[in-house]
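Remarks on the overall topology
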Amino acid sequence: MVRALSDVTLTVEPGEMLGIVGASGSGKSTMLNIVGTLDRPTTGRVEIDGVDVSGLSDRALSALRSTTIGFVFQQFHLATGVSAIDNVADGLLYAGVPRAERRARAASALEGVGLGRRIHHRPHELSGGERQRVAIARAIVGGPKLILADEPTGNLDSKSGAAVMAILRELNRAGTTVLVITHDPQIAASLPRQVAMRDGRIVAGASQLSAP
Amino acid sequence: MTAVVDRWNGARRCNSRPSRLRLVDVWRVGVSGLRARPLRVALAALGIAIGIGAMVAVVGISASSRADIDARLDRLGTNLLTVSPGSTLFGERAKLPVEAVPMVRRIAPVQSATATGKVNANVYRNAHIPSARTSSLAVLAAQLDLLPTVGGHMSTGKWLNQATATYPGVVLGASAAERLGVDRPGGRVWLGGQWFSVVGTLDAVALAPELDSAALVGWPAAKTYLGFDGHPTTVYSRSVPARVEDVRSVLGATANPQSPYEVKISRPSDALTAQRETQAALSGMLLGLGLVALVVGGVGVANTMVISVLERRSEIGLRRALGATRGQIRVQFLTESLLLSLLGGTAGALLGAAVTAAYSGYQNWPVVVPPWVTFGGVLATVPIGVAAGIYPAVRAALLAGYSAHGCRWAGWVWPGVAQQVGQRRRGESSASSNACRDRAWSSVTSWWSRRALSNQSW
């Protein structure tokens, strides 16, 4: 058995913005899955907002994800053939919000990422940067406390990438905790705090702001 | 942005139970899943549609055919009984007494009775035809009320009347007219060594097909010109429908009181009734074949759903990230499967009805598609859809967390495939694939064990 993560202790304070940096296979995606409660660690503890998630059932974890955590992926994962507003509204699908309200909130989230005039465009009618902004709108439409962005600029040119990072920074200023996974040292350098990973271990930055 | 984030902070605090997905959202998610793959959905639904369509068409066509037979029975009546001479104790041909018809008429429930009598003569197109070439046509002496009693209709010309019945006039049955080349009255045929004028021709008589290949001459004319002895060979009687069986039990003794066992009694409508029953048996068998097609269609749906789950790993991962519970993922795929089957079932019911209508129209039958088979067919697709969807849905729900890199296949309880595809697709090292596999196993087994421990319902 290979250990994907080993001896990792990381504390993220509310309202922080940090980057997890590492080469391919360094364990940063596993880290994201663990932090995002999509995977459970074989051993160890994960606390989100003061709650030990290892004791939670699948249903409780799902509820936690639907209300507290927003995910942004490298490949955007937008539904093809579905308008931007409905893609974003799906971010509230599992939070028990009626459809009309989902769409209203989706519209304002799209407004927030600067796509207010493109809410009826379908993914194939949008540029890569716009698609990623739609995906960010979907992540924030539920008003999460924590945003997990996995290589959010990985598929974008530098200009679109910068715009996406600016939006994430803006969210962070508004009080959201943002965790960006990247292998791009430049992006990482632009973040207030960096955590470097190699071979499933944290090699730097684990306790920059607080002790483990 | 700030406003959006803060507004929902309070509401989120104590929300540790997942929200139920509204029914309309379950429906919407299912429909959108199908709409994203129209061709595959159409093909999978076609499998179900063929099964349901075959069943509906089989039942519909046989119901239409039976409706046609019923309509014919209704029109022709089931109260016609015929009496004909059997054979004597010594094997000779028996004869009915000359008074048979008036005696039968005296049975109370009998509404009408009439007779034909076999005449020892043949009919030819003209005098030059060799006498052996009779075209299998019989010459019968007919009483004037024969036509209404058997329910026959004239095709051309007129039926015999008091006048033509005493003269050499003849009415030809449908096939007799055809074989003699007579299509309208006015011509002559060579009958019993002399010319007879054709007075009219008959339509086919459903309840007395023996009249179709007969040349009918008047009762008195047969005696005068053809040496007819006046003994009837078939007595036709119509009775009050409810008392047909009563009449039947006394008919033999009444028609031939001296030797009641030398008569044969039959009910011509019995043949049609038997035809109706045969069809019911046959359609039962065809229904079984339709059922087989339906099962094959269900397997097609299951196959489609399995493939769908396979290629929608990232969508499932996304939904899990958005907060879908395993149960909600299961419900989503079950809904898709169910909708797919229902779609096929509805299309099949329409298809079956259309086939029934087309075939019945072609056969000139009334179109009957029983509602129970239409609704039953559509309803039958519900268990099929559920059965076909359960396995893929469980598979989908067992997918572990979303992984942006590397372990795309990690969630599958299918380690060999995960490893191979993972390597081929991404050139991963085998060590990392093994890690994926182990993680998949542990997440699945832990799910099962947790479920077993907490004894949660699905």
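Residues numbered from 1 in each chain as written. Chains lettered and ligands numbered in written order. Predicted model: local features only at pLDDT ≥ 70, side-chain atom pairs only at ≥ 80, totals over all residues.

The number of helices and strands found in chain B is 15 helices and 11 strands. Restricting the contact set of chain B to residue pairs at least 6 apart, pairs at least 24 apart contribute 82%. (Helix = DSSP H or I, 4+ residues; strand = E, 2+ residues; numbered from the N terminus. Contact = placed C-beta atoms within 7 Å.)

The subject of this paragraph is the domain arrangement of chain B. Here chain B is described as being made up of domain 1 (20-70 + 274-399) and domain 2 (78-268). For domain 1 of chain B versus domain 2 of chain B, the separation of C-alpha centres amounts to 57 Å. (Domains from an automatic or database assignment.)

Residues and elements named next belong to chain B. Examined against the element boundaries, Thr234 turns out to sit in strand β10 (residues 234-239). Considering only alpha carbons, one finds Thr234 and Ala115, 119 residues apart in sequence, at a separation of 5.5 Å. Sequence-distant contacts of Thr234, that is, excluding residues within four places in its chain, are made with Thr82, Ser84, Ala115 and Thr116.

What follows concerns the nonpolar core. The biggest cluster of nonpolar side chains holds 108 residues, and the ones touching the most others in it are Val88(A), Leu110(A), Ala137(A), Ile147(A) and Leu179(A). If one sorts the elements of this core by residue count, helix α4 (residues 38-76) of chain B sits on top with 15 residues. For Ile147(A), the contacting residues outside a window of four places in its chain are Gly70(A), Val72(A), Ala139(A), Ile140(A), Leu171(A), Thr176(A), Val178(A) and Leu179(A). Grouped together as the second largest cluster of nonpolar side chains are 58 residues, Leu81(B), Ala115(B), Val119(B) and Val189(B) included. (Core = buried A, V, L, I, M, F, W, Y, C linked by C-beta atoms within 7 Å. Buried ≥ 20, exposed ≤ 12 C-beta atoms within 10 Å, placed from the backbone.)

All names here are of chain B. With 83% of its residues at a pLDDT of at least 70, chain B reaches an overall mean of 81. Confidence drops under pLDDT 50 across residues 1-15; counting only partners more than four residues distant or on other chains, this segment forms 21 contacts. Confidence drops under a pLDDT of 50 for residues 402-458, and excluding neighbours within four residues, the segment shows 74 contacts in the predicted structure. Scoring the predicted complex yields pTM 0.70 and, for the interface, ipTM 0.90. (pLDDT = per-residue confidence, 0-100.)

Here we take up the sheet that holds strand β6 (residues 177-182) of chain A. Residue and element names in this part refer to chain A. Pairing in this open sheet of 6 strands is mixed, and the strands run β4-β5-β6-β1-β7-β8 from one edge to the other. Edge positions in the sheet fall to β4 (69-72) and β8 (201-204), since each of these pairs with one other strand and no more. Strand-to-strand, the axes of this sheet are offset by a mean angle of 25°, without reference to chain direction. With 5 bridges connecting them, strand β1 (residues 17-22) and strand β7 (residues 193-198) associate as parallel partners. Bridging from a neighbouring strand, Val21 pairs with Ala196 of β7. (Pairing = 2+ DSSP bridges. Axes fitted to C-alpha atoms, helices over the stretch in contact; angles between N-to-C directions.)

Looking now at helix α3 (residues 23-35) of chain B. Between its first and last C-alpha atoms α3(B) spans 18 Å; for 13 residues at 1.5 Å apiece the expected length is 18 Å, and the two agree. Looking at the buried residues of α3(B), the elements they touch are α4 and α12 (326-363) of chain B. (Expected span 1.5 Å × (residues − 1).)

This next bit is on unusual backbone geometry. Residue and element names in this part refer to chain B. A positive phi angle is found at Ser135, which is not glycine, with a value near 60°. Turning to its location among the elements, Ser135 is positioned in the loop between β3 (123-124) and β4 (138-142). Given 15 C-beta atoms within 10 Å, Ser135 falls into the partly exposed group. At Asn364, a position not held by glycine, the phi torsion is positive, near 65°. You can see Asn364 is positioned in the loop between α12 and α13 (371-398). On the basis of neighbour count, Asn364 is assigned to the exposed category, with 7 C-beta atoms found within 10 Å.

All names here are of chain A. By secondary structure assignment, the location of Val35 is in helix α1 (residues 28-35). On the neighbour-count criterion, Val35 (20 C-beta atoms within 10 Å) is buried. Residues Val35 and Ile140 lie 105 residues apart in sequence; the distance between their C-alpha atoms is 17 Å. Setting aside chain neighbours within four positions, we find Val35 in contact with Val46, Leu148 and Leu179.

Right, let's get into the confidence of the model for chain A. Here chain A shows a mean pLDDT of 87. Residues at 70 or above account for 96%. Across residues 208-212 of chain A, confidence stays below pLDDT 50; counting only partners more than four residues off in sequence or on other chains, it has 10 contacts.

Let's shift gears to helix α6 (residues 158-173) of chain A. All names here are of chain A. With 16 residues, α6 ought to run about 22 Å at 1.5 Å a step, and its terminal C-alpha atoms sit 22 Å apart, in line with that. Along α6, the residues that are buried comprise Gly161, Val164, Met165, Ile167, Leu168 and Leu171. Looking straight down α6, one finds that the buried residues subtend no more than 155° of arc, so they occupy a single side. In α6, those exposed residues whose orientation departs by more than 90 degrees from the buried face are Ser158, Lys159 and Ala166. Elements that come into contact with the buried residues of α6 comprise α5 (128-140), β5 (146-150), β6 and α7 (185-189). Within two residues after α6, Gly175 carries a phi angle of roughly 115°, on the positive side. (Arc of directions from axis to C-beta.)

Time to look at the packing of helix α10 (residues 269-311) of chain B against α12(B). All names here are of chain B. It is the contact of α10 with α12, at a shortest axis distance of 10 Å, that shows an interaxial angle of 145°. For the crossing formed where α10 meets α12, the hand is right-handed. Between α10 and α12, the contacting residues are Gly297, Val301, Thr304, Met305 and Val309 on the first element and Phe333, Glu336, Ser337, Leu340, Ser341 and Gly344 on the second. (Left-handed = near helix turned anticlockwise from the far one by under 90°.)

As paired strands, β7(A) and β8(A) are joined by 3 bridges and run antiparallel to one another. Of the residues in β8(A), the one forming a bridge with Met197(A) is Ile202(A).

A word on the pairing of β5(A). All names here are of chain A. Most of β5 sits out of view: 5 of its 5 residues are buried. Residues Leu146, Leu148 and Asp150 line one face of β5 and the alternating positions Ile147 and Ala149 line the opposite face, and both faces are buried. With 4 bridges connecting them, β4 and β5 associate as parallel partners. Residue Gly70 lies in a different strand from β5, and its bridge partner there is Ile147. In terms of strand pairing, β5 meets β6 through 5 bridges, oriented parallel.

A word on the packing of α4(B) against α10(B). Residue and element names in this part refer to chain B. Look at α4 against α10: their axes get within 8 Å of each other, and the N-to-C directions meet at 170°. Here α4 is positioned roughly antiparallel relative to α10, judged by the angle of their axes. Of the residues that constitute the contact of α4 with α10, the class distribution is 21 nonpolar, 13 polar and 4 charged. (Parallel < 35°, antiparallel > 145°, perpendicular 65-115°, else oblique. Nonpolar A, V, L, I, M, F, W, Y, C, P; charged D, E, K, R; others polar.)

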